[in-house]
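Chain and residue survey
Chain by chain, the residues run as shown.
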Amino acid sequence: MSKERTRILIVDDEEIVRESLSAWLEKDGYTLATAPDGETALARIRKERWSLLLVDLKMPGIDGLQVLEESRKLQPDAVAVIMTAYATVDTAVAAMKIGAYDYLVKPFDPEELSLMIQKIVTQQALVRENVLLRKVLKRDYHFRDLISKSPVMQAVFDLARTAARSNSTILVLGESGTGKELLARAVHAESPRSQGPFVAVSCAALTETLLESELFGHEKGAFTGAAVRRKGKFEMADGGTLFLDEIGDISAKLQLDLLRVLEDRHFFRVGGSESIHVDVRIIAATNRDLTKAVADGSFREDLFYRLNVIPIHLPPLRDRLEDLPLLVEHFLEQLGAEMNRRLDDVATDAMGLLMAQTWPGNVRELRNVLERAMVVASGRVIQLSDLGLRRPPCADVPSGGVLGSLDDVERHHIGRVLQESDGNISQAARTLGIDRATLYNKLRKYQLRKDGEPETEHPESE
Ligand SMILES: Nc1ncnc2c1ncn2[C@@H]1O[C@H](COP(=O)(O)OP(=O)(O)OP(=O)(O)O)[C@@H](O)[C@H]1O
Ligand SMILES: [Mg+2]
């Protein structure tokens, strides 16, 4: 900030002090104003912006401490320096407690004041620059709540921003934890429908009949237990966005039902005969490979094309490791606020270990690892041991020689994915990109158990 733009208000009941100080500081090139008492000072603080307040402690009427206290509320950014002829520890402590930057004991050397102000101005400029810089960085790396600086994700953000403006159906593809739901919410928030509802349905969580009535609603008496008429998610999302999560998991019958709604935006409640029209934008998501599902006949091709109008693919975290430090910083901040704990950083070796992971659970897994680490960390910095992570698979490959064979690497990778999946074979197979039968074959080949641990020679009874 230029010197003229540094505005200093001198508050002192003694005219000689006001005049000599303003003459001195004017010579330094600052913009100056004076106030002979607390009332006048506060009136000017209320009306104008100040960089620095030089306030005499003892004044008749409203004294320096009160001016200071009020100014903290009115202009927290303005730096306050207290001047006092009665330097007692008590008053100094009181002033610092209220938030004074420093205090000067009268009579003081104006040279000392000049130096102090120079220091303050430089610091303020740095703080402002930092705030600005962070804002610029964050804006560039953000799409609503999604953060990324990797070029692939930047392209995803661009596509999503453009798609948000249209009404077209979007299909979000990506592994578990890559941010599919976050992206759907961001698109909704950036769309002309943002004032309307965002309704999410997890298609995998319910049985066929339940999902049907969840989506389309039902009439009273449509089935046992249907005591009242209920609106479905399609109706609830009217005027907004309907997020159909895990669309790859729906049954053949529901695929057909959905196809019909997507074709003409009409449907019937379960047990109903009234045709209902809704205005919804559909965003579907899946971590399944839908083209494969279409090829093997488990997913309708016509529905696939209806959904796949604008496909958006979210790459796995391991393919964009340059995002990891940024995400770590983001989660330290976000989780810190949630947990009311402040952690500043991750130790270098711990960051190295994070970078060496394969992250089958992607960003969600990273968030979980950091959350756990933040609970156990004792200091301000997350240490290697706080992470509770094993060494990366490559490093703990048992090596007869220096490096393991490809089989060794595969065995260890499978073991680790199984551990991450808590022994859920389907999930592990999906992460590995192989089918369950192949995974079972590999378990046999490598003598691994479902939980990823090696089979013992005398297995405990299960
Ligand atoms: N790019 C990102 N920036 C910030 N947070 C992210 C990002 N991607 C994912 N997250 C966080 O990771 C977690 C998982 O995200 P989300 O639920 O959107 O994933 P998903 O792809 O829908 O996963 P699943 O397929 O398992 O449902 C959330 O806590 C989300 O806040
Ligand atoms: Mg999800």
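To be clear, the structure that these remarks concern was listed above.
Everything in this summary refers to the structure shown in the same document. Being a predicted model, the structure only gives us computed values, none of them experimental. (Residues numbered from 1 in each chain as written. Chains lettered and ligands numbered in written order. Predicted model: local features only at pLDDT ≥ 70, side-chain atom pairs only at ≥ 80, totals over all residues. Heavy atoms only, no water.)

Looking at the packing of helix α17 (residues 425-432) against helix α18 (residues 436-446)
When two helices pack together, their arrangement is captured by the angle between the axes and the distance separating the axes. Between α17 and α18, the least distance of the axes is 9 Å, while the angle of their chain directions is 95 degrees. Taken as axis vectors, α17 and α18 run roughly perpendicular relative to one another. On the side of α17, the interface is formed by I425, S426, A428, A429 and L432, while α18 contributes R436, L439, Y440 and L443. Grouping the amino acids of the contact of α17 with α18 by side-chain chemistry returns seven nonpolar, one polar and one charged. (Axes fitted to C-alpha atoms, helices over the stretch in contact; angles between N-to-C directions. Helix = DSSP H or I, 4+ residues; strand = E, 2+ residues; numbered from the N terminus. Parallel < 35°, antiparallel > 145°, perpendicular 65-115°, else oblique. Contact = heavy atoms within 4.5 Å. Nonpolar A, V, L, I, M, F, W, Y, C, P; charged D, E, K, R; others polar.)

Description of the site of ligand 1
Ligand 1 sits among 18 residues. The nearest are I147, S176, G177, K180 and R364. Note that an oxygen atom of ligand 1 is positioned 2.7 Å from one of the side-chain N or O atoms of S176. Here an oxygen atom of ligand 1 sits 3.3 Å away from a polar atom, N or O, in the main chain of T178. Contact with the protein chains covers 86% of the free accessible surface of ligand 1, which is 630 Å². Contributing elements (two or more residues each) for the shell around ligand 1: β7 (146-147), α7 (180-190), α13 (324-339) and α15 (362-376). Residues lining the shell around ligand 1 come from more than one domain, with at least three contributed by each of domain 2 (148-315) and domain 3 (318-387). (Near = heavy atom within 4 Å. Polar contact = N/O pair within 3.5 Å; in protein donor to acceptor, adjacent residues only side chain to side chain. Areas by Shrake-Rupley, 256 points an atom, 1.4 Å probe, with all protein chains shown as cover. Domains from an automatic or database assignment.)

Some words on the layout of surface pockets
A volume near 1,000 Å³ is recorded for the largest pocket. Elements with a minimum of two residues in the lining of the largest pocket: β8 (170-174), α11 (290-295), β14 (310-314), α15, α16 (406-420) and α17. Sorting elements by how many residues they give to the lining of the largest pocket places α17 first, with five residues. Counted by class, the lining of the largest pocket contains 11 nonpolar, 15 polar and 12 charged residues. Split by domain, the residues of the lining of the largest pocket number at least three in each of domain 2 (148-315) and domain 3 (318-387). Its volume calculated, the second largest pocket comes out at about 570 Å³. Along its surface, the second largest pocket is lined by 25 residues, and G177, G179, K180, L182 and R364 are the ones closest to its centre. Counting residues per element, the ones that place at least two in the lining of the second largest pocket are β7, α7, β10 (241-245), α13 and α15. The element that contributes the greatest number of residues to the lining of the second largest pocket is α13, accounting for four residues. Here the lining of the second largest pocket is built from residues that sort into eight nonpolar, seven polar and 10 charged. (1 Å grid on protein atoms, 1.4 Å probe; cavity = no way out; pocket = protein on both sides within 12 Å on 5 of 7 lines; lining within 4 Å. Points joined across faces, edges and corners; volume = space filled by probe spheres on them.)

Structural notes on the sheet that holds β8
Here we have five strands laid out as an open sheet, ordered β9-β10-β13-β8-β14, and parallel in their pairing. A single partner strand is all that each edge strand has here, and the edge strands are β9 (198-202) and β14. Across the sheet, the mean angle separating the axes of adjacent strands is 20 degrees when strand polarity is ignored. The pairing of β10 with strand β13 (residues 281-286) spans four bridges and is classified as parallel. Across the sheet, F243 pairs through a bridge with I283, a residue of β13. Each of β8, β13 and β14 is contacted by helix α6 (residues 151-165), which is oriented at about 150 degrees to β14, the strand it contacts most. (Pairing = 2+ DSSP bridges.)

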